[in-house]
Amino acid sequence: MASSAISQLLFPLLLLPLSHAATFTVVNNCSFTIWTAAVPAGGGRQLNRGQTCAIDVNPGAIGSIWARTNCTFDGSGRGSCETGDCGGLLECQDHGTPPNTLVEFALNQFSNRDFFDISLADGFNVPVNFIPDSTSCRGTRCAADINGQCPEKLRAPGGCNHPCTVFKTDEYCCTSSCAPNEYFRFFKKNCPDAYIIYPQDGPASTMFCPGGTNYTVVFCP
Ligand SMILES: *[C@@H]1O[C@H](CO)[C@@H](O)[C@H](O)[C@H]1NC(C)=O
Ligand SMILES: *[C@@H]1O[C@H](CO)[C@@H](O)[C@H](O)[C@H]1NC(C)=O
Ligand SMILES: *[C@@H]1O[C@H](CO)[C@@H](O)[C@H](O)[C@H]1NC(C)=O
């Protein structure tokens, strides 16, 4: 796992006694079937084109939601996916295998705010729009056709890898230092609001809403 934008911003947890679960409504607007995934909530569901499901996330939870593609599972919930696979389980216990577009969230943090971003630190598989069910704050999106334009060296079955996943060097993983390069520019040009990886990018790509907000996650907006 690459570092997340949200982890750069975490504050001591301040849970209000009245906090209750937030509902994330996931919409599959893609022309193909996806399998939802969430940590820590599990949230493993097959969503055919046009289907919707709800994932309830506990107050104070820090985690992520993503889409998996081209999966097959048996009746006991074991199998595999071409992108976003989490150890072959329908109900994810851990993060997915890159490439996968991540919606990251940290609920009810400092001042009872929810923080969230769309991260491409693990690459991209499916475009996504993250919309608060509230008019008092704004969402974030990464809706470009990144797979179709993916640089050749980053191409993967069903997705487009982050260069850190492919090259594993400081230059691309930003473990100690890094500068903008052609690959970061490619992602940033296509999805200016998303977190790519370099340190200056974290605060700028992280959004917030009042704690208690519900959200809609549209895949293929
Ligand atoms: C799933 O795999 C098939 C065959 O390998 C491919 O043609 C198709 O594009 C894939 N679908 C998605 C959503 O990636
Ligand atoms: C969030 O969704 C839940 C479940 O649908 C609902 O009970 C709750 O009132 C919603 N919260 C807000 C702030 O709309
Ligand atoms: C679903 O996709 C269509 C284009 O295929 C688009 O016009 C529509 O706005 C999308 N719906 C949502 C909720 O994003």
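Once a new chain begins, its residue numbering starts again from 1 and follows that chain's sequence as written. Following the order in which they are written, the chains are lettered starting with A and the ligands numbered starting with 1. Thresholds applied to this predicted model are a pLDDT of at least 70 for local features of residues and 80 or more for the giving and counting of side-chain atom pairs; totals over whole chains, interfaces and linings are not thresholded and use all residues. With hydrogens and water excluded, all non-hydrogen atoms of the structure serve as input to the side-chain values.

1. Focus on the site of ligand 2
Next up, step 1: Thr-23, Gly-212 and Asn-214 make up every residue found near ligand 2.
Next up, step 2: N or O atoms within 3.5 Å of each other form a polar contact, as long as, within protein, one can give a hydrogen and the other can take it, and as long as residues adjacent in sequence are counted only when both atoms are side-chain atoms. At a separation of 3.5 Å, an oxygen atom of ligand 2 approaches a polar side-chain atom of Thr-23.
Next up, step 3: Between an oxygen atom of ligand 2 and a side-chain N or O atom of Asn-214, the distance comes to 2.3 Å.
Next up, step 4: Bound to the protein, ligand 2 loses 31% of the 360 Å² it would expose on its own. Summary of the distance rule: residues count as near a molecule or strand when at least one heavy atom falls within 4 Å of that molecule or strand. Per-residue accessibility takes into account occlusion by the displayed protein chains alone, with areas from the Shrake-Rupley method and a 1.4 Å probe.

2. A short note on the sheet that holds strand β9 (residues 113–119)
Next up, step 1: Paired strands, in this sense, are two strands between which DSSP finds at least two bridges. Secondary structure elements follow DSSP: runs of H or I no shorter than four residues count as helices, runs of E no shorter than two count as strands, and numbering proceeds from the N terminus. Spatial ordering of the open sheet is given by β3-β2-β5-β8-β9-β14, a layout of six strands whose pairing is antiparallel. Where the open sheet ends on each side, the last strands, each with one partner, are β3 (42–47) and β14 (207–210). The mean inter-strand angle of the sheet, taken between neighbouring strand axes irrespective of direction, is 20°.
Next up, step 2: In this structure, strand β8 (residues 102–106) lies alongside β9, joined through five bridges in antiparallel fashion. When the sheet's bridge partners are listed, Val-103 is paired in β9 with Ile-118. Orientation is described by lines fitted to C-alpha atoms, with helices fitted over the stretch in contact, and by angles between N-to-C directions that extend from 0 to 180 degrees.

These figures come from the coordinates and say nothing about function on their own.
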